[in-house]
Every structure is written in C-alpha cells, then in structure tokens.
Amino acid sequence: MPTFVASSVPTAPVRLHHWGRWLVGLLAFVAFSLWGLLSFWLDPWLQRQAEQRVYTASQGRYRLHIGKLRTRLWPLGAEAHALHLRTVAATPDSGRLPRLELALGRVEVRGVSWGALLRRAEVPVESIVLDSVAVRLQQLPAARSSQPLYEQLPVAGLRVGRLAVRHLHGSLGPAGRPTLQAGETSLIMADVRLSAAAAADSGRIGYAAAVTGQTRGLAVQVPGHTVRVRRLQLSSVLGHLLLDSLLLHPTQPINHQRSQAMRVSLVVPRLQLIGLDGPRLARQDFRADSLLVKSPRLALTLPAQKPPSLHTVLAAYLRSCRLGALVVTNGRVRVAGTELAPAVAGVELVGSGFQILPRQGPPTDMYYARRWHLQTGKATATLDAPYYHLSWQNMQADTRAGSLRLSAVSVLPTLSVEALARRKGHQAAHISARFPAVWLSGFSFPAAVNQGELRAAVLGVRGARVTTRSDGRFPGNPRISRVTPEALGRLPFRFAVNQLRLRQASLTMLYRAPRHAAPGILQITRFASTLRNLSNDPARMSAVRPLTGVASGWLQGQGRAQLTLQANLLDPAGRHTLQGTFYSTPLAMLNSMTVPTLGLVFRSGQVHQIDFRMTLDQQAARGTMWGRYTDLKLQRLNRQNRPGVLHRLQTSVINGVFIRDNNPRRPGAELKPGAILSDRQRRFSVFSLWRQGLVSGLLNSAGVPKGLSKKLSEGQ
C-alpha cells in the first residue's frame with residue numbers, strides 16, 4: 001500500500017500554530033503599548049486639559065492643580081489625587097465667581113458606560129467618591145442661568161448609582177468671621193439622576209432617590225446669634241433628622257434691656273425629627289410626623305416691637321408646613337424684657353395637628369396646633385414689679401378638655417408693710433395670698449389665644465389664705481381705686497365666667513392705726529362664695545342680667561354671716577346692691593380690731609341677728625339695717641389702751657346718752673332700724689365702702705345720731 005499520503009498530512013497545522021502565537025504576541029504588544037501610552041501620555045494630557053479648562057472658563061479667576069490623575073478604559077473610570085483649586089485673580093464678576101479655595105484629597109469615578117457616552121445618551125455611572133475635602137467659600141455664587149442642570153450637560157443625562165462625599169470640612173463667609181463652618185462631614189446620595197424625568201419625579205430629593213449624611217461641629221451665624229450643633233444626622237430613607245447638643249447664643253446678653261430684635265439663648269441636648277418627607281421638602285412642602293425636643297433650656301429677651309409671625313417668616317421658604325406632633329420634655333423657660341419676668345421649670349409639652357402653612361382666614365387653632373397638653377413644675381413671676389412675687393408649684397392644661405389647673409399658688413410681697421408704703425409714698429395694700437388649688441373648667445383656649453378673651457364655665461379656688469396689712473401712719477393713696485365693679489367691667493380684655501367658686505377660704509385683715517403700734521385684726525374664716533355671670537361682655541352683662549353672688553363665712557371664728565350681691569359690671573356709676581345677715585355672736589369678738597385702731601372696747605353685748613340691705617355707687621352707700629342685740633356697753637380707752645379719767649367720762653356719756661342698750665328696748669317693743677349712709681371716697685376700694693355702710697348702720701341702730709354715725713363711718 002502507498003505511504004506518501006500519510007507522510008504529507010502533518011505539515012499544515014504546524015505552520016498555523018506558529019502564526020497564532022505571533023498574533024497573540026502582537027495583540028499583547030499593542031495592549032501594552034496602549035497602556036504605556038495612557039500611562040505616559042493620555043493621563044498627563046487629560047490633567048493639563050482639565051487644569052486649563054478651569055482657568056479658561058473662570059477667565060483666569062481660578063487655578064486648578066491636580067497632583068495625580070489615573071484613568072481606566074475598561075471599565076471606564078478615573079481617579080485623581082491632591083486636587084487644589086484656588087482664587088488667583090480679581091474679576092468684576094465676583095458674584096458669579098466668588099473667592100474660593102478647595103482642597104480635595106481624592107476623587108474617584110467608577111463604571112462609566114462607554115456605549116451611552118458615545119451615543120450621548122443618559123450615561124450610567126457606578127459611583128463617584130470625593131474624599132478628604134476642605135473648602136472655603138467667601139459667598140454663595142449668584143445663579144445666572146435659569147436652565148436646569150441636566151440641560152447644561154453635553155449628554156442626554158447622567159445617572160450615578162452612588163455619590164459620596166467623605167471627610168468634608170468647610171466654611172462660608174469672610175475668613176475672619178465665617179457665617180457657616182462645618183467640621184467632619186459625610187454625605188451619601190443614592191441613584192442621582194440628572195435628567196428631565198428625574199426632575200419631574202416627585203419621589204426624589206432634588207435629583208437623588210435617597211440622601212444620608214452626618215456632620216460634626218456645625219456653626220452658623222444668623223442675625224444677632226450663633227448656632228452650634230455638635231452632631232447632625234440625616235436619613236431620607238428613615239425620614240429622620242437628629243441634632244445632638246444644639247446651642248443658640250445671642251451676641252448680646254439676656255437681660256431686661258430690650259433691643260429691636262428678640263434675643264434668644266437656647267440649649268437642647270437632643271432634637272429629633274421623625275417621619276420627615278424629604279421629597280416633599282425639596283418641593284417646599286414640609287411634612288413630618290413628630291418633633292421631639294429633650295431637656296431644652298430657653299431664655300429670651302422680648303423685642304422692642306412685635307416680630308413677624310412664624311407663618312409669615314416661613315412663607316418665604318415653604319408653600320406648606322405641617323407637623324403631626326411636637327413633644328417637649330423636661331424644659332426650662334425664662335423670659336426677660338417684661339415686668340413679669342416669668343420663669344418656668346419642668347415643662348412637659350405635647351402639641352398635635354400642626355398646620356402652619358397655608359394660612360387661610362381667621363385662626364381656629366391655638367398657636368398652629370389643634371390640641372395642646374401642658375404640664376409644668378415650679379414657675380415664678382413678678383407682679384406690680386418689684387413689689388410682689390408670684391409662684392406656683394404645678395400647672396396642668398389640656399385644650400381638648402378645656403381644663404387648666406394650678407397648685408400651690410402664692411402671691412407674696414417683697415417688702416415689709418412700712419417699706420412698701422414708704423416706697424410708694426402712701427398707704428398701700430400689703431397682700432399675702434396662698435391658694436392650694438386654682439382651676440378652670442370649660443375654658444376656651446382658642447378664645448384666649450386668638451381673641452385674647454377669658455371664657456370659662458367655672459373658675460374654682462379652694463383653701464385660699466389671704467392676709468392684708470396696711471399702715472395708717474402714711475397718707476392715703478391719691479389715685480382712684482381699681483378694686484371696684486366698674487373697674488372690673490373696664491378691664492382691657494373680654495371675660496365671661498359662668499361661675500366663680502371659692503371654697504374653704506380665710507381672710508385676715510391687719511391695720512396699724514396711728515394711735516397704737518399693735519395692729520387691729522379682723523378675720524373671716526370658713527368663707528365660701530359663688531358668683532354667677534362674671535362678665536364684661538355686653539351680650540351677657542346688663543341691668544336685667546347682672547352678676548349675682550352668694551357668700552357665707554364666720555367673723556372672728558364666732559359669728560356666722562351670709563351675703564348676697566348683685567351688680568351690673570358695665571354700669572359706669574358702679575351701682576350694686578349688697579344684703580345679708582349676721583347671726584348670733586358676742587360683740588366682744590370685734591375688740592381685736594376696735595381696741596388698737598379706735599380705742600373702743602365692747603364690755604358687753606350680744607347680737608341675736610342683724611339684717612341689712614344697701615345700695616352702693618360711686619357717691620355713697622345707702623340702706624337700712626335691722627339689728628337685734630342686748631346688753632350693749634362700750635368703753636373708751638386712751639393711747640395706752642387704758643380707761644383714763646377723760647375717757648371714763650366719754651364712756652359714761654356714750655353709754656348713758658347715745659347708746660341704746662337693747663334693740664328692741666324690751667320684749668315685744670318695736671325694733672329700731674338703723675340708717676345706712678356713708679359717702680364714698682373713691683381712693684378706697686369697694687370693700688371699704690361696704691365696711692363704711694355697715695359701721696354707719698350699726699352705730700345708728702345702737703342710737704348714735706344719723707349724722708354722727710355717717711361721720712364716724714367715713715373716718716374708718
């Protein structure tokens with residue numbers, strides 16, 4: 001068999017194998033050459049182009065220096081190190097190109113799509129990372145172009161899977177006093193899409209699908225104040241904003257000297273915003289579930305003129321502003337710039353249903369909320385500064401229930417009786433009052449907040465202890481008293497209280513007369529009163545629908561008394577009627593008041609019942625008293641409260657000539673009524689006129705002539 005066929009076959013594949021090796025080697029050489037070309041020619045060329053473009057585009061204003069640039073062709077990307085952008089020349093267009101200095105440790109771009117880039121379509125980019133950034137900007141650049149950012153791109157759009165800024169430090173404003181400083185800052189934006197579709201997407205924050213960030217050591221200068229935040233965290237995915245150690249300090253101290261703008265000092269250890277809708281906020285629509293403020297310390301000085309309302313201020317930045325709830329725990333507040341100078345501790349506050357914007361028509365909410373619940377610890381304030389100190393230990397208020405309750409309320413003078421009268425230059429009521437409990441039910445908080453009106457079903461006071469002191473050695477107050485029915489009706493705010501209930505109260509009155517150092521004492525205990533229709537609203541108050549009231553108590557703890565009052569608070573003449581009954585009691589109970597003030601002692605006398613009715617106005621008290629008593633004997637005393645010779649003579653004349661020992665004189669005889677007549681001195685309160693009327697009626701009932709009893713009553 002021939003063998004030439006078998007020997008000639010192997011020669012062809014051997015030649016092909018050698019050519020394949022040469023081809024692979026050639027491709028490797030070309031790739032190596034391209035890599036060398038990129039390494040030693042393309043990267044430096046791109047670096048020079050970038051630096052030149054910055055200088056040209058800024059018209060020589062900025063100069064960019066890149067320490068190192070490295071590009072990758074597959075996958076397409078680039079990485080640059082040690083970038084430095086600085087301002088090198090002045091320009092008339094400093095608004096668009098402000099003074100700037102930027103240092104960037106590293107920037108990396110990964111995963112750029114070759115195909116989309118060549119087609120000038122929307123270009124996907126896997127990630128862009130900026131690391132170790134330091135920026136100092138003199139001012140924000142003024143926007144010149146109304147063209148959206150995505151329309152300024154050389155391609156149809158750009159979609160970055162992840163844009164991250166790490167270790168950013170920066171400042172905005174003059175170098176000596178920047179308006180903003182940021183310490184260690186990081187920012188991550190997910191799915192950043194620069195395109196027309198993304199701009200119209202209501203679920204995005206700007207062009208990003210999600211934003212998270214954190215900064216430390218943030219400081220911002222605002223008019224008259226500095227804001228500092230130790231740490232700020234933001235997450236649009238969680239709808240969460242957290243501020244740790246928020247500090248707001250004024251450039252001028254908090255004191256009673258007002259300035260044009262409000263001065264505020266605020267320290268908040270922790271502030272947390274939950275349920276924040278980032279995409280809505282990017283479109284000027286603020287929505288959040290709750291704002292939690294922990295242990296705030298707030299002090300402020302009120303401004304010289306009323307500042308604009310919150311909704312007016314926010315309207316410049318937001319179209320809509322709604323908040324589900326505001327929760328404040330363990331707060332403290334102090335207000336200066338007002339005579340009241342209030343300070344409150346232990347503030348626990350919950351507000352719900354806030355709508356600040358849009359604001360339409362007259363408000364029906366209360367400070368932008370549908371409901372408030374407030375609880376405080378101790379609060380202090382100054383009344384009639386600097387003469388009285390007001391405080392309470394606890395307050396609870398609920399706007400939905402219409403309830404307000406105060407406990408352990410006290411009003412105490414800051415000076416002694418003598419010092420107060422000397423400071424004011426005349427006799428002055430020196431009042432000490434303690435109220436274990438004060439409450440309002442059926443209280444209209446919206447009327448109080450929006451109309452400045454006090455409207456309530458019941459105002460209750462329990463266990464009040466009131467002591468008044470006065471010093472007769474000083475001249476009387478030359479001003480017209482404001483403790484009158486007509487003055488109550490002229491209060492500068494509208495009020496309407498269905499019932500005022502006073503229970504378990506006591507009133508102690510001490511008067512130091514010029515004749516003796518020991519004060520006269522008159523006390524009413526177990527006092528209870530109910531006033532109805534307490535109002536200065538013309539729709540509720542009139543002569544046919546007046547204020548009415550009943551009261552009862554024990555005089556000097558020994559004699560029970562009942563009173564009935566009727567008054568039209570809108571009557572300019574101050575007309576009102578008072579009638580009542582004093583029940584069985586010894587007259588000697590009055591000696592604690594009459595001996596030191598008048599030098600008059602009741603040696604004997606027993607009241608069985610005294611009834612009276614009088615009408616009072618700005619001119620006088622007029623009426624009638626019917627007093628049943630027996631064995632009335634008086635004794636005049638000297639300044640040492642002893643019966644001197646002359647005073648014994650006066651006593652004999654009084655008891656023998658003027659005083660009616662018994663009324664009626666004998667059983668079955670006619671009861672002699674007493675005329676009530678005493679002119680009003682408008683410098684004194686309405687309670688002084690009540691006392692004058694009762695004294696004149698008592699004296700006339702006892703036999704003192706009408707004219708003399710009138711004169712004696714007016715000298716009280």
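Above this text you will find the structure in question.
It should be emphasised that the depicted structure is a prediction, and the values quoted were computed from it without experimental measurement. (Residues numbered from 1 in each chain as written. Predicted model: local features only at pLDDT ≥ 70, side-chain atom pairs only at ≥ 80, totals over all residues. Heavy atoms only, no water.)

This next bit is on the pairing of strand E13 (residues 320–336). In this structure, strand E11 (residues 285–294) lies alongside E13, joined through 9 bridges in parallel fashion. Each residue of the ladder has a partner; that of Phe286, found in E13, is Cys321. Examined bridge by bridge, strand E12 (residues 297–301) and E13 share 5 bridges and lie parallel to one another. By the bridge assignment, Arg297 is partnered in E13 with Arg332. Bridge count for E13 against strand E14 (residues 343–357) is 10 bridges, and the pairing is antiparallel. Looking at E14, one finds that Leu323 is bridged to Phe354. In this structure, the hairpin formed by E13 and E14 is closed by a connection of 6 residues, where Gly337 is found at a positive phi of approximately 85°. (Pairing = 2+ DSSP bridges. Helix = DSSP H or I, 4+ residues; strand = E, 2+ residues; numbered from the N terminus.)

Three or four residues apart is the spacing at which side chains of an α-helix point the same way, because the helix has 3.6 residues per turn. Among the residues of helix H13 (residues 706–714), Ser709, Lys710 and Ser713 are the ones counted as buried. Across the axial projection of H13, the buried residues extend over an arc of 105°, all falling on one side. Contacts from the buried residues of H13 go to strand E30 (674–679) and helix H12 (686–701). (Buried < 20%, exposed > 50% of the residue type's maximum accessible area, 1.4 Å probe, protein only. Arc of directions from axis to C-beta. Contact = heavy atoms within 4.5 Å.)

Let us now look at a nonpolar patch on the surface. A surface patch of nonpolar side chains, amounting to about 580 Å² of accessible area, comprises Leu73, Trp74, Trp114, Leu117 and Leu118. By residue number, the principal contributor to the nonpolar patch is helix H3 (residues 114–119), which donates 3 residues. With respect to the secondary-structure elements, Leu118 resides in helix H3. (Patch = residues over 30% accessible without salt bridge, like charges linked within 9 Å, V, L, I, M, F, W, Y side chains within 5 Å. Areas by Shrake-Rupley, 256 points an atom, 1.4 Å probe, with all protein chains shown as cover. Salt bridge = Lys/Arg side-chain N within 4 Å of Asp/Glu carboxyl O.)

Quick look at the packing of aromatic side chains now. Counted according to the given criterion, the structure contains 6 aromatic pairs. Note on Phe582 and Phe612: the rings are 6.0 Å apart at their centroids and 25° apart in plane angle, and the pair reads as stacked. Taken together, the positions of Phe582 in strand E27 (residues 576–586) and Phe612 in strand E28 (residues 600–616) put the pair 30 residues apart, joining distant regions of the chain. For the pair Phe687 and Trp690, a centre-to-centre distance of 5.2 Å together with 85° between the ring planes defines the contact as edge-to-face. One end of the pair is Phe687 and the other is Trp690, both in helix H12 and 3 residues apart, which spans about a single turn. Taking NZ or CZ as reference, Arg526 lies 4.1 Å from the ring centre of Trp554, over its face. A cation over an aromatic ring shows up here: Arg683 above the ring of Phe684, its NZ or CZ 4.9 Å from the ring centre. (Phe/Tyr/Trp six-rings, centres within 6.5 Å; stacked < 30°, edge-to-face > 60°. Lys NZ or Arg CZ within 6 Å of the ring centre and 35° of its normal.)

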